[in-house]
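# Architecture at a glance
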Amino acid sequence: MPAVDRKHLPRHIAIIMDGNGRWARQHGVSRAAGHEAGAKSVRAVVEACRELGRVEALTLYAFSTENWRRSKLEVDALFRLLSKYINLELENIHKEDIRVTFMGRRDGLSARVIRDLDRCVERTRTNRSMVLNVAINYGARAEIADAAKAIAAEVKEGSLGLAQIDEHCFERHLYQPDLPELDLLIRTSGEVRLSNFMLWQVSYAEIVSLPVFWPDFRKPHLYEAIAEYQRRNRRFGGR
Ligand code: FPP
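Description of the structure in this document. For every chain, the first residue of its written sequence is number 1, and the numbers climb from 1 along that sequence. The predicted origin of the model limits local features to residues at a pLDDT of at least 70 and limits the giving and counting of side-chain atom pairs to 80 or more, whereas totals for whole chains, interfaces and linings rest on all residues. No hydrogens and no water enter the side-chain calculation; it runs on all heavy atoms of the structure.

This part covers unusual backbone geometry. The backbone phi angle of Ser-195 is positive, close to 45°, even though this residue is not glycine. In DSSP terms, a helix is any run of H or I states spanning at least four residues, a strand is any run of E spanning at least two, and both are numbered starting from the N terminus. Tracing the sequence through the fold places Ser-195 in the loop between strand E5 (184-187) and strand E6 (206-209).

This paragraph deals with helix H7 (residues 219-231). When the terminal C-alpha atoms of H7 are compared, their 18 Å separation across 13 residues agrees well with the 18 Å that a helix rising 1.5 Å per residue should span. Throughout this description, buried means an accessible area under 20% of the type-specific maximum (1.4 Å probe, protein chains only), exposed means over 50%, and partly exposed covers the range between. All buried positions along H7 are accounted for by Leu-222, Tyr-223, Ala-225, Ile-226, Ala-227 and Tyr-229. Contacts are assigned to residue pairs with any non-hydrogen atoms lying within 4.5 Å of each other. On its buried side, H7 packs onto strand E1 (12-16), helix H2 (31-52), E5 and E6. Here the expected span of a helix is defined as 1.5 Å times the quantity of residues minus one.

With that out of the way, let us pick up the packing of H2 against H7. The interhelical angle for the contact between H2 and H7, taken along N-to-C directions, is 55°, at an axis separation of 9 Å. When the axes of H2 and H7 are compared, the pair comes out oblique. Considering the relative orientation of H2 and H7, their crossing is right-handed. Counting all contacts with H2, which are made through Ala-48, Cys-49, Glu-51 and Leu-52, the residues of H7 involved are Lys-219, Leu-222, Tyr-223 and Ile-226. Note on residue classes: Ala, Val, Leu, Ile, Met, Phe, Trp, Tyr, Cys and Pro are nonpolar, Asp, Glu, Lys and Arg are charged, and everything else, Gly too, is polar. Taken together, the residues of the contact of H2 with H7 break down into six nonpolar, no polar and two charged. An axis is simply a line fitted to the C-alpha atoms; with a helix, the fit covers only the stretch in contact. Between two such axes, the angle follows the N-to-C directions and lies from 0 to 180 degrees. Any angle that is under 35 degrees is reported as roughly parallel, and any over 145 degrees as roughly antiparallel; angles of 65 to 115 degrees are reported as roughly perpendicular and all others as oblique. Less than a right angle of anticlockwise turn of the near helix away from the far helix marks a crossing as left-handed, whereas a clockwise turn marks it as right-handed.

So, on to the side chain of Asp-183. Within the secondary structure layout, Asp-183 lies in the loop between helix H6 (167-172) and E5. On the accessibility criterion, Asp-183 (9% relative accessible area) is buried. A distance of 2.6 Å separates a polar atom in the side chain of Asp-183 from the backbone nitrogen of Arg-11. Contacts described as polar in this section are N or O atom pairs within 3.5 Å, which, within protein, must combine one atom able to donate a hydrogen with one able to accept it, while residues neighboring in sequence count only if both atoms come from side chains.

Looking at the ligand, there are 18 residues lining it, with Met-17, Gly-21, Arg-22, Arg-31 and Arg-70 nearest. A distance of 3.1 Å is found between an oxygen atom of the ligand and a backbone nitrogen or oxygen belonging to Asn-20. In the environment of the ligand, an oxygen atom lies 3.0 Å from a nitrogen or oxygen atom belonging to the side chain of Arg-31. Here the ligand has 630 Å² of accessible area as a free molecule, and 91% of this is covered by the chains. Listing elements by their share of the shell around the ligand, those giving two or more residues are helix H1 (20-27), H2 and helix H3 (72-95). A single heavy atom is enough: if one lies within 4 Å of a molecule or strand, its residue is considered near that molecule or strand. In this description, accessible areas are obtained by the Shrake-Rupley approach with a 1.4 Å probe, and a residue is regarded as covered only by the protein chains that are shown.

Let us now look at the nonpolar core. A general feature of soluble globular proteins is that nonpolar side chains tend to end up buried together. Take the buried Ala, Val, Leu, Ile, Met, Phe, Trp, Tyr and Cys residues and link them wherever side-chain atoms come within 4.5 Å; each set so joined is a nonpolar core. Ile-13, Ile-15, Leu-58, Ile-136 and Leu-222 are the most contacted members of the largest nonpolar core, which totals 50 residues. Ranked by the residues each element gives to this core, the list is headed by H3, at nine residues. Dropping the residues within four chain positions of it, Ile-15 is found in contact with Val-45, Leu-58, Thr-59, Leu-60, Tyr-61, Leu-185, Ile-186, Phe-197 and Trp-214. In this structure, Met-103, Ala-140, Leu-185 and Ala-205 belong to the second largest nonpolar core, which totals 13 residues.

Another aspect to go through is the environment of Ala-163. Mapping Ala-163 onto the fold places it in the loop between helix H5 (140-157) and H6. Judged by relative accessible area, which is 81%, Ala-163 ranks as exposed. Placed 106 residues apart in sequence, Ala-163 and Ala-57 show a C-alpha to C-alpha distance of 32 Å.

Below, the structure written as structure tokens:
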């Protein structure tokens, strides 16, 4: 297991969980079975972060605004899996003192999915040890457009002045403004692409791409990504 310095952990880690489809092809199973295997990695990574203790937030890219282009069969399987995961894991997550949040557009999600998501958020609202933030029907451009729209509405109604609009104000209008600054973004399956994920928040994050399909991702891979993050010298544009 790669060694990590527990005193300098990233406060906020985000993961683009890529490669479920390729893993499925490699194993001669359906894409749905690939996603199903990916849910096991979610469990392993949540556990590993919680165990590390000082990771304050873990954001997972579960379903993008572009994923609707996939076959109905696959989209349905992904949402079924999400509900199944929630039903299976919610009490565990709650026991671990993890607060669940979601980011993305609610429009377009079925009433059942919204009910499941709201139940999770409600059940875990007062937990404090870590935030598990799941991006569903999420797109970074949509998030930025939604923030601009919310700001425009406040200006129009007179509660916000033009002079008050700055980076800080903009940030306050993103989907999850209370999470710590994003420190580490991991993408699996060896791709080096942001795919419309957290474009605003990624400004100073370290990006680590690992050559492993998401369903094979386990604690040692997380440690490897954190070790790589710790090797890099973060200067935030200064010297
Ligand atoms: C990308 O692999 C993965 C997804 C689009 C979905 C990720 C969802 C899960 C792992 C389900 C469980 C999630 C939670 C939060 C319980 P891909 O299908 O794009 O893979 P490919 O590029 O190899 O085709």
